[in-house]
Every structure is written in structure tokens, then in C-alpha cells.
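# Architecture and fold: a report
If you want the building blocks of each chain, they are given just below.
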Amino acid sequence: MDFYPLFDGIRNAFFIAISYWWLYWPVLLAVGVVHIWKNYIRTAYLTSLKWVVLEVKPPPDVEKSPKIAENFFSGLHGVYAKPLTEKKQFFEGKVPDWYSFEIAGNQGDVRFYIRTLEDNRNIVETQIFAQYPDAEISVAEDYMQQLPAKIPNDEYDMFGAELVFTKSDAFPIKTYPFFEEESGKDEFKRTDPLAPLAEVLSSLGSGEYMWMQYVARPTGGDWTKDFEAEVAKLAGKTPPPAKLNFLEKILDGVFSLVGFASGEPVKKEEKEFSIQKLTTGQKFTLDQVENKAFKLAFKVTPRLIYIAKKDIFNRSRVSNVIGMFKQLYSNNLNTFKPNKATSTSPDGYFAWLFPSNNGFMKSQEEYKRKIDMYKRARAREFKELVILSTEEIATLFHLPGINVKAPLFPRVEAKKSQPPAGLPIL
């Protein structure tokens, strides 16, 4: 084979790149400067934010379903007005506000926390008292500060995972109405989705810590493109074409000019849709997908962290919590799984070459991921992983009913009542 034409082509390309550097280097430099500026201004904005951690203590008897928690999240969605403009992002570094809803088990002591911006503290407290009038809210120290700033270390080990969906965001998980239908409306009979998690967290011993974070940011209806595609599939129609970004539009135009595209694509003949032709399972799935699409929604990072002293580290604790999410699974709907790209249990490089599935540099990659995961948990770092409707996030985070009687589960000791009318005012 004659490699001369190949080498000659490479040489010519190199010659052109050297000769015309003045044409493309200014563009590359400008792109680099813009990227550096965006990172700088965003970091400056994030550093300027003031946060507060609120501990929410459940009332002695929550007699209502998690529906009131759904109302709470609908109220918090009010901070979302419209997407930030490119101008505000570029010149001010602004990003949309977010919250962190947390259930923490620290050595068997189970607590509910909400981390929010100081500016949004009032709306959080107002919405909580609107739905849980007998709850108690207090400003708390960040409970994560009781542990070292760097884990793993000589004393502690950890496991961390961020959860993603097994299907498209359009498909919901099994939510609290299903539990009410299965166990009845009576509070004493109703199965609470958080009961298994409360039991696991309450069983933690000295030197064990487990945190469940839902870092959430309200979103508009832009995500419903997934819903439209899934509904089209269920109806036997061709999903709507994905919208092209600016670069894709340019490439598409170039390809059209050189003959790679030839007019309108050939449309397949579609059968007329009739809901009567759907199976019972398909109708159920379609109803649930539509129900999710019509509700307010949040972009969410679900994050699970387990930390323990090395001599008592118990990986089965994690398995028990992952099992809690299995109860949210239903055929034809969605469920969670650990995000393999960030999980602290990597396979290593080229793991497929080894019978043990332990690839090269497994231990080094595992250590690095643990360090990174712990930092993200302490910073409550947001990363869009799943879209949850208010009904879904209320299923995962709500003040449990009185049927959840896990030990070391703190509640308000007594109901508060209004003072009698007619008291003299001094």
C-alpha cells in the first residue's frame, strides 16, 4: 500500500495551519476568553450566595397524606418565573435558585433538613407552616460539619451514588396515591413510602452516618418534549423530530448544499390512533405519563451518602436503602438506579478483560470518586439528573405520618394551640 498520498495530505494540512494561523487563532482566543470569563463570573456569583440550613421537626401526629407535601412543593415552585436570560448569565453569572431537601441519619438520630438561600427562607417557612401548622422550624448548624472535610481517610470510609432513571423522564415513579389505594385512606393503615428509610436510618450505630439528598431546582415546561415523544410512541406515531441547536443547524445546511440531504424525509404511513386499541397496560402507562406532564416539576439530583468508621463499615446499609426505591417500581413505569458514571464503586478500566470485572486502576478510580462525591454532597452541588413532578418529589420527601414509629425519630412533643380570646394586653 502506498502511504505517500496520506503523508502528503498531512504535510499540506500542517502547512496550511501554519500559514493561516492569523485567520483562526483570534477566533480560538476569543472562545477561550469567553469560557474563562463565564467560569469566573459564575464562581463569583455562587461564592456570594448566603445559605441557611433549616431543621424541620414533624408534628406529633401527621394525619394527612403526602398530598400536603405536594402542595408545599407547588408553593416553592413560585420562585421560578422564567428562564434566565443569556445576558444575566453572561454578565452577572446568575443561575436559577435551588434547594436541598435532606433526610439525615446521624448515628441513629433521624432529622429532616432544608437548605435554602437566605432570600428564600421566608417562602420555605411559610409553605411549611401552611401545610404543617404544628411543625417546628429552627436554624441548624450544617450537620455535615461534624465530620472531617476530607473522606475517605484513615478513620472513615464511604459509599456514594447519584440516582438516575431507568427510563425517560416522561415516565413517573410509583407515587403516594398508589400506597393509599393499596392500604386504605385510614392514617393508621396507610403505608408510608418513607417507613423503610426511617427504619434503616434509625438503626445506624455509633460512627455511622447516612444522608439522602434531593438537590432540586424548579423548571418550566421545556422538559415535556420527552413527554410528547413517549406519547407518540404509545400512540403508534412517529415521535416529533428533535430540535437542532445552532451548530447542528449549520451542519445540516452544509450537508444539504453538498447533496447529503435531499429535500423532505420520506414519511411513513401512520395508522389512525384509537385509544380503544391500546391494551390495559398501555392505557395505564399513558394516563400516568400524562398525569406527570401536567404537574409542576423540578430538576433534581438525588444523592445517597453512607459514611462509617472503617471497622464497622456495613455495605448492606446501602442495599437496604436501594431496596426502599424498589417499592417505587411498577411495571411500565419508572424507577431509580445508581448513576454508573459517578458511583463510588467503579469497575476500573478495561474491566471486561478480567473474569473478576475489576479493571485497571480500580482502587485509584474508586478513591478519586469518593473524594469527589463527598465534596459534591457537602456543597449540595446541583446537576440535572432526573425530572420529578411535585407528586413524585412529595413521595420521596415529606413529614411522615404517625404510623412511622422508627426509634430515635424526633417529633414535636405536643401540639400548639392558639391563646384564648380576650386575654388582657399589657
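Residues numbered from 1 in each chain as written. Predicted model: local features only at pLDDT ≥ 70, side-chain atom pairs only at ≥ 80, totals over all residues. Heavy atoms only, no water.

With that out of the way, let us pick up the side chain of Glu162. Along the polypeptide, Glu162 turns up in strand β5 (residues 156–165). A polar atom in the side chain of Glu162 sits 3.0 Å from the side chain of Arg303. (Helix = DSSP H or I, 4+ residues; strand = E, 2+ residues; numbered from the N terminus. Polar contact = N/O pair within 3.5 Å; in protein donor to acceptor, adjacent residues only side chain to side chain.)

Taken as a whole, the largest pocket spans an internal volume of roughly 1100 Å³. Around the largest pocket sit 36 residues that line it, and Val95, Pro96, Asp97, Trp98 and Arg217 are the ones nearest its centre. The set of elements that each furnish at least two residues to the lining of the largest pocket consists of α2 (21–48), β1 (51–57), α4 (86–92), β4 (136–140), β6 (208–219) and α12 (362–379). Residue classes in the lining of the largest pocket are distributed as 18 nonpolar, four polar and 14 charged. (1 Å grid on protein atoms, 1.4 Å probe; cavity = no way out; pocket = protein on both sides within 12 Å on 5 of 7 lines; lining within 4 Å. Points joined across faces, edges and corners; volume = space filled by probe spheres on them. Nonpolar A, V, L, I, M, F, W, Y, C, P; charged D, E, K, R; others polar.)

Attention shifts here to the side chain of Gln127. Relative to the elements of secondary structure, Gln127 occurs in helix α5 (residues 121–131). Judged by relative accessible area, which is 19%, Gln127 ranks as buried. In contact with Gln127, not counting residues within four places along its chain, are Asn71, Phe72, Gly75 and Leu76. (Buried < 20%, exposed > 50% of the residue type's maximum accessible area, 1.4 Å probe, protein only. Contact = heavy atoms within 4.5 Å.)

This paragraph deals with the pattern of salt bridges. If you walk through the whole model with that rule in mind, you get 21 salt bridges. Close ionic contact of Arg380 with Glu102 constitutes a salt bridge, the shortest N to O distance being 2.7 Å. Note that Arg380 is positioned in the loop between α12 and β9 (386–389) and Glu102 in strand β2 (residues 99–106), a separation of 278 residues in sequence. The residues Arg380 and Glu102 share a single accessibility class, namely buried. (Salt bridge = Lys/Arg side-chain N within 4 Å of Asp/Glu carboxyl O.)

Together, Phe15, Ile16, Tyr20, Trp21, Trp22, Leu23, Tyr24, Trp25 and Leu28 line one region of the surface with nonpolar side chains, adding up to about 1100 Å² of accessible area. Elements represented by at least two residues in the nonpolar patch include exactly α1 (4–19) and α2. Top element by residues in the nonpolar patch is α2. It accounts for six residues. Inspection of the secondary structure assignment puts Tyr24 in helix α2. Given a relative accessible area of 33%, Tyr24 falls into the partly exposed group. (Patch = residues over 30% accessible without salt bridge, like charges linked within 9 Å, V, L, I, M, F, W, Y side chains within 5 Å. Areas by Shrake-Rupley, 256 points an atom, 1.4 Å probe, with all protein chains shown as cover.)

Attention now goes to the environment of Thr224. Mapped onto the secondary structure, Thr224 falls in the loop between β6 and α8 (225–234). Residues Thr224 and Phe294, spaced 70 residues apart in sequence, show a C-alpha to C-alpha distance of 9.1 Å.

Contact geometry of helix α7 (residues 195–202) with helix α11 (residues 316–326) gives a least axis separation of 9 Å together with a crossing angle of 165°. Here α7 is positioned roughly antiparallel relative to α11, judged by the angle of their axes. Crossing of α7 over α11 shows left-handed handedness. Of the residues in α11, those in contact with Pro196, Leu197 and Val200 of α7 are Arg317, Asn320, Val321 and Met324. Grouping the constituent residues of the contact of α7 with α11 by class yields five nonpolar, one polar and one charged. (Axes fitted to C-alpha atoms, helices over the stretch in contact; angles between N-to-C directions. Parallel < 35°, antiparallel > 145°, perpendicular 65-115°, else oblique. Left-handed = near helix turned anticlockwise from the far one by under 90°.)

All right, on to helix α3 (residues 67–76) then. The element α3 is extensively covered by neighbouring structure, given that seven of its 10 residues are classed as buried. Inspection of α3 places Ile68, Ala69, Glu70, Phe72, Phe73, Gly75 and Leu76 among the buried residues, and these make up the whole buried set.

Here the focus is the nonpolar core. By size, the foremost hydrophobic cluster in this structure holds 54 residues, and its most contacted members are Phe101, Ile103, Phe325 and Phe336. With near-sequence residues (within four places) excluded, Phe336 lies in contact with Leu163, Val164, Phe165, Thr166, Ile173, Pro302, Phe325, Leu328, Val386, Leu388 and Leu396. If you look at the next biggest cluster of nonpolar residues, it comprises 17 residues, including Val53, Ala104, Tyr156 and Ala377. (Core = buried A, V, L, I, M, F, W, Y, C linked by side-chain atoms within 4.5 Å.)

The next subject is the packing of aromatic side chains. In this structure the tally under the stated criterion is 19 aromatic pairs. Residues Trp37 and Phe90 carry aromatic rings whose centres are separated by 6.4 Å and whose planes lie at 50° to one another, so their mutual orientation is tilted. Of this pair, Trp37 sits in helix α2 while Phe90 sits in helix α4; the two residues are 53 residues apart in sequence, bridging distant segments of the chain. Its relative accessible area of 25% is what places Phe90 among the partly exposed residues. Aromatic ring contacts, followed pair by pair, group Phe72, Phe73, Tyr99, Phe101, Phe112, Phe298 and Phe397 into a single cluster. The ring of Trp51 has Arg115 sitting right over it, with the charged end atom 4.2 Å from the ring centre. Just above the ring of Phe382 sits the side chain of Arg217; from NZ or CZ to the centre is 4.2 Å. (Phe/Tyr/Trp six-rings, centres within 6.5 Å; stacked < 30°, edge-to-face > 60°. Lys NZ or Arg CZ within 6 Å of the ring centre and 35° of its normal.)

Chain-level statistics for the protein give a pLDDT mean of 81 and a share of 79% at 70 or above. Ranking the elements of the protein by mean pLDDT puts helix α9 (residues 246–257) last with 52 and strand β7 (residues 297–309) first with 96. Taken as a whole, residues 260–264 scores under 50 in pLDDT and shows three contacts with residues more than four places along the chain or in a different chain. (pLDDT = per-residue confidence, 0-100.)

With that settled, the discussion passes to helix α10 (residues 280–293). For α10, which comprises 14 residues, the first-to-last C-alpha distance of 20 Å matches the rise-based estimate of 20 Å (1.5 Å per residue) to within 8%. Looking only at α10, the buried set comprises Thr285, Leu286, Gln288, Val289, Lys292 and Ala293. An end-on view of α10 places all buried positions within 165° of arc, on one side of the element. (Expected span 1.5 Å × (residues − 1). Arc of directions from axis to C-beta.)

With 12 of 12 residues buried, β6 lies mostly within the body of the structure. Both faces of β6 are covered, namely the face carrying Glu208, Met210, Met212, Tyr214, Ala216 and Pro218 and the face carrying Tyr209, Trp211, Gln213, Val215, Arg217 and Thr219. Two elements, β2 and β6, share eight bridges in a ladder whose sense is antiparallel. Opposite Asn106, over in β6, you have Tyr209 as the bridge partner. Pairing of β6 with β7 involves 12 bridges; the strand directions are antiparallel. Bridging across to β7, Ala216 finds its partner in Val300. (Pairing = 2+ DSSP bridges.)

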